[in-house]
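# Chain and residue survey
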Amino acid sequence: MLFDLIKNRRSVFPAQYNDQPIAKETIEKVLEAANWAPSHRKTEPWRFKVLQGESKEKLGLFLSLKYLENDASPKEFKAKKIIQNPKSAAAVIAICMQRDPEESVPEWEEVAAVAMAVQNMWLMCTELGIGAYWSSPGLIKYMGEFFEMNRGEVCLGFFYMGNYDEKVSDAVRMPLEDKVDWL
Ligand SMILES: Cc1cc2nc3c(=O)[nH]c(=O)nc-3n(C[C@H](O)[C@H](O)[C@H](O)COP(=O)(O)O)c2cc1C
């Protein structure tokens, strides 16, 4: 049931992934789900860059270098973790947003549309038993130096994907009553 799928979606992190690969067709299916997200004025602002193998390793090295260069007091263990995370994943998908050159809708609506696309991916992964999470480190501001980005394209984070064995822990949410006003 859809509600169960929504409720069972969890952030599953690289440390929890095993080394089983994910087939290209599976990643395509996940991205196809993203492509069915809604967008105001049909701007379809979601853009993805799929990293596997060597490009995935290069991402870790790049981010780690940027961390060491820019952090006020960089820690070696953290630099290593930044390298290790993409290594542990079967795939890392850069989540990007292409700003409509006409600026026909406010930017927040484009960000919202990309987030809806990511939710579709995340739910698809849940159904397929694939672990995933959205990572949004401050270092994403440097991604224009790593990727060839179009004008108006920005990186909003990384969608990590990996197979996993262990059961992921249950989640809690603060009560809905605190967030809803019935008028
Ligand atoms: C836009 C967005 C950015 C996120 N960025 C991070 C992140 O940088 N690091 C992280 O550990 N989790 C990140 N998360 C995952 C959240 O921590 C996670 O969704 C939250 O703890 C709820 O857990 P759940 O996804 O298992 O329900 C992000 C989630 C969203 C929606």
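Structure's up top.
It should be emphasised that the depicted structure is a prediction, and the values quoted were computed from it without experimental measurement. (Residues numbered from 1 in each chain as written. Predicted model: local features only at pLDDT ≥ 70, side-chain atom pairs only at ≥ 80, totals over all residues. Heavy atoms only, no water.)

### Comments concerning helix α3 (residues 53-70)
Residue pairs three or four apart in sequence face the same way in an α-helix, which turns once every 3.6 residues. To keep things clear, this is the line we draw: Secondary structure elements follow DSSP: runs of H or I no shorter than four residues count as helices, runs of E no shorter than two count as strands, and numbering proceeds from the N terminus. Here the expected span of a helix is defined as 1.5 Å times the quantity of residues minus one. Relative accessibility decides the category of a residue: with a 1.4 Å probe and only protein chains considered, values under 20% of the type maximum give buried, values over 50% give exposed, and everything between is partly exposed. Any two residues whose heavy atoms approach within 4.5 Å at even a single point are treated as in contact.
In this model α3 runs 26 Å from its N-terminal to its C-terminal C-alpha over 18 residues, within 8% of the 26 Å that 1.5 Å per residue would give. Within the sequence span of α3, burial applies to Lys-56, Leu-59, Gly-60, Phe-62, Leu-63, Ser-64, Lys-66 and Tyr-67. Buried residues along α3 sit in contact with β1 (46-51), α4 (76-88), β2 (91-98) and β4 (153-162).

### Description of the site of the ligand
The criterion, for reference: Proximity criterion: a residue is near a molecule or strand once any of its heavy atoms comes within 4 Å of it. Under the rule applied, a polar contact is a pair of N or O atoms within 3.5 Å (in protein, one hydrogen donor and one hydrogen acceptor; residues adjacent in sequence only if both atoms are side-chain atoms). Computed with a 1.4 Å probe, the accessible areas rest on the Shrake-Rupley method; for each residue, only the protein chains presented here act as cover.
The environment of the ligand is made up of Arg-9, Arg-10, Ser-11, Phe-13, Trp-122, Tyr-133, Trp-134, Ser-135, Ser-136 and Arg-173. The side chain of Arg-9 places a nitrogen or oxygen atom 2.8 Å from an oxygen atom of the ligand. The contact in question runs from a nitrogen atom of the ligand to an N or O atom on the backbone of Trp-134, over 3.0 Å. Considering the ligand on its own, with 620 Å² of exposed area, one finds that the protein chains cover 56% of that surface. It is strand β3 (residues 131-135) that contributes the most residues to the shell around the ligand, three residues altogether.

### Comments concerning the environment of Lys-49
As for its placement among the helices and strands, Lys-49 is situated in strand β1. We classify Lys-49 as buried; its relative accessible area is 19%. Measuring from C-alpha to C-alpha, the distance between Lys-49 and Glu-110 comes to 18 Å, with 61 residues separating the pair along the chain. Among all residues touching Lys-49, those that are not within four sequence positions of it are Val-92, Ile-93, Ala-94, Cys-96, Phe-147, Glu-148, Met-149 and Glu-153. Reaching out from Lys-49, the side chain makes a polar contact with the side chain of Glu-153 at a distance of 3.0 Å.

### Side note on the pairing of β4
Worth spelling out the cut-off: Pairs of strands are assigned from DSSP output, requiring at least two bridges between the strands.
With nine of its ten residues buried, β4 lies for the most part within the structure. Pairing between β2 and β4: eight bridges, direction antiparallel. In the sheet register, Met-97 faces β4, and the bridge partner there is Val-154. Strand direction decides the pairing type here: β3 and β4, joined by five bridges, are antiparallel. Among the inter-strand pairings, Tyr-133 is bridged to a residue of β4, identified as Tyr-160.

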